[in-house]
Amino acid sequence: MNNKLNSGLASADGLKKDRRKINTFVEVEAAVLARDHLAATREDAVHSREDAVDLREEVATSREGEIRVGQALQAASDDHMLMLQEANARLIIATMEAQRLTEEVQVAKAQLEIAKSVAEQANRAKSDFLSSMSHELRTPLNVILGFAQLLEAGSPPPTPAQKVRIEKILGAGWYLLEMIDEILDLALIESGKLSLSLQPLSLPELLLDCQGMVELQAENSGIRMNFPQFDRPCIVRADRTRLKQVLINLLSNAIKYNRAGGAVDVSCSTNAAGRMRISVKDGGEGLATEKLAQLFQSFNRLGQEAGSVEGAGIGLVVSKRLVELMGGTIGVESTVGVGSVFWIELA
């Protein structure tokens, strides 16, 4: 029985030892787990600290970026303000300059209006003077021409010497009368008092009348006259008297400024716009380009004042004004040494 008791006690001691071992093992395991947990916690703390450091660095970097952005914005704002100030200054200067130029333009316009008014008054005074002078000259000139014609047709007839003198008186008188008429026409045109009667005209009939009026002049100068032949009616719209005056002037000039034994060719054609062009071609010396620019200036004879051809230098001026008043145009083409072609175009 004692043996059984001892054996039971030994078993109990063994169980206690085993329990202690188990408890020790459990404690060791718990200590290891606690240590591992503590290590993990410590590692997490380290990571958290590193994250905090990184976050702080990011915040610092972000703040530095914000500072730089703020500085850049401030610099841009300063530059923008400077640019605005410069633009505003330039705008003020430009406005002042524009105002100055506007004032100068207004002053110039006022001066121009004054000069225009003075010129118009002077032009009217000139026209009135020319008109009055022309009428005053015409009366005694008609008396001179009348007496010269009486002497030419008187009885007994004049002697040859007297006849020559009478012809000179008549020639000079008719030339002076023609010049007076041209001056009077110019004065009427410039004053706006010239009245025209535009109507359909037969061009063949008008040219035939002109041919009859210049044939004697052409014959005396030894110039051949070549007029066109019409195979159909040809109508232009113009003032009959004034168109004839223009054509006579062009034909007379072509005869006067032609070469000895030369010819005058008259032609008619229709352009693409349906306007009639009447051309008068001569075989004279022709005109240089610089003289063409002066051709339609009043009292400008292009250096022919000392020549043998009579003229006052206003026939072409009057012709140009008359053609324009009839709604037409006039022009010239000339080649030195070959001759000139004067033309007019009418509807």
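Structural data are supplied above this passage.
Values in this document were obtained by computation on a predicted structure and should not be read as measured data. (Residues numbered from 1 in each chain as written. Predicted model: local features only at pLDDT ≥ 70, side-chain atom pairs only at ≥ 80, totals over all residues. Heavy atoms only, no water.)

A. Focus on the overall build of the chain. For the chain, the helix and strand inventory stands at six helices and seven strands. Starting at the N terminus and ending at the C terminus, the chain contains elements arranged as α-α-β-α-β-β-α-β-β-α-α-β-β. Residue burial in the chain is summarised as follows: out of 347 residues, 25% are buried. (Helix = DSSP H or I, 4+ residues; strand = E, 2+ residues; numbered from the N terminus. Buried < 20%, exposed > 50% of the residue type's maximum accessible area, 1.4 Å probe, protein only.)

B. Layout of helix α6 (residues 315-325). By the burial criterion, the buried members of α6 are G315, L316, V317, V318, S319, L322 and V323. Tucked inside the fold, the buried residues of α6 contact α2 (160-191), α4 (240-256), β6 (329-335) and β7 (339-346). Count one or two residues on from α6 and you reach G327, which has phi positive near 80°. (Contact = heavy atoms within 4.5 Å.)

C. Quick look at the pattern of salt bridges. One pass over the full model with this rule turns up seven salt bridges. The shortest N-O distance in the salt bridge between E97 and R100 comes to 2.2 Å. With E97 and R100 both in helix α1 (residues 2-153), this residue pair falls three residues apart, about one helical turn. Since its relative accessible area comes to 35%, E97 is described here as partly exposed. (Salt bridge = Lys/Arg side-chain N within 4 Å of Asp/Glu carboxyl O.)

D. Inspection of a nonpolar patch on the surface at higher detail. Side chains of V143, F147 and L150 sit close together on the surface and give an oily, nonpolar patch of about 320 Å² of accessible area. Along the chain, L150 turns up in helix α1. (Patch = residues over 30% accessible without salt bridge, like charges linked within 9 Å, V, L, I, M, F, W, Y side chains within 5 Å. Areas by Shrake-Rupley, 256 points an atom, 1.4 Å probe, with all protein chains shown as cover.)

E. Spotlight on the state of the cysteines. One pass over the structure, following the stated rule, counts zero disulfides. Free of any disulfide, C268 has its nearest neighbouring cysteine sulfur in C234, separated by 6.1 Å. (Disulfide = S-S within 2.5 Å.)

F. Region of the structure containing the nonpolar core. Among the nonpolar cores identified, the biggest contains 44 residues, and M225, L243, L247, L251, V264 and I344 are the most heavily contacted of them. In terms of residue count, the dominant contributor to this core is α4 (eight residues). If you look at the next biggest cluster of nonpolar residues, it comprises seven residues, including L145, A148, I166 and I180. (Core = buried A, V, L, I, M, F, W, Y, C linked by side-chain atoms within 4.5 Å.)

G. A look at the packing of α2 against α6. Running from amino to carboxyl end, α2 crosses α6 at an angle of 40°, the nearest separation of the two axes being 10 Å. As the angle between them shows, α2 and α6 are arranged oblique. Our pair here, α2 against α6, has a crossing hand that is left-handed. Counted together, E182, D185, L186, I189 and E190 of α2 and G315, V317, V318, R321, L322 and L325 of α6 form the full contact between these two elements. For the contact of α2 with α6, the class distribution of residues is six nonpolar, one polar and four charged. (Axes fitted to C-alpha atoms, helices over the stretch in contact; angles between N-to-C directions. Parallel < 35°, antiparallel > 145°, perpendicular 65-115°, else oblique. Left-handed = near helix turned anticlockwise from the far one by under 90°. Nonpolar A, V, L, I, M, F, W, Y, C, P; charged D, E, K, R; others polar.)

H. Fine view of unusual backbone geometry. With an omega of 0°, the peptide bond between S155 and P156 qualifies as cis. Take P156: it is sitting in the loop between α1 and α2.

I. Quick peek at the sheet that holds strand β5 (residues 276-281). Taken together, five strands build an open sheet; the order of strands is β2-β4-β5-β7-β6 and the sheet is mixed. Bordering the open sheet on either side are β2 (224-226) and β6, each of which pairs with just one other strand. The sheet shows a mean angle of 15° between the axes of neighbouring strands, taken without regard to direction. The pairing of β5 with β7 spans six bridges and is antiparallel. For K281, the partnering residue across the bridge sits in β7 and is V341. The strands touched by α4 are β2, β4 (263-270), β5 and β7; relative to β7, the strand with the most contacts, the crossing angle is about 170°. Contacts from α6 reach β6 and β7, with the element oriented near 135° to β6. (Pairing = 2+ DSSP bridges.)

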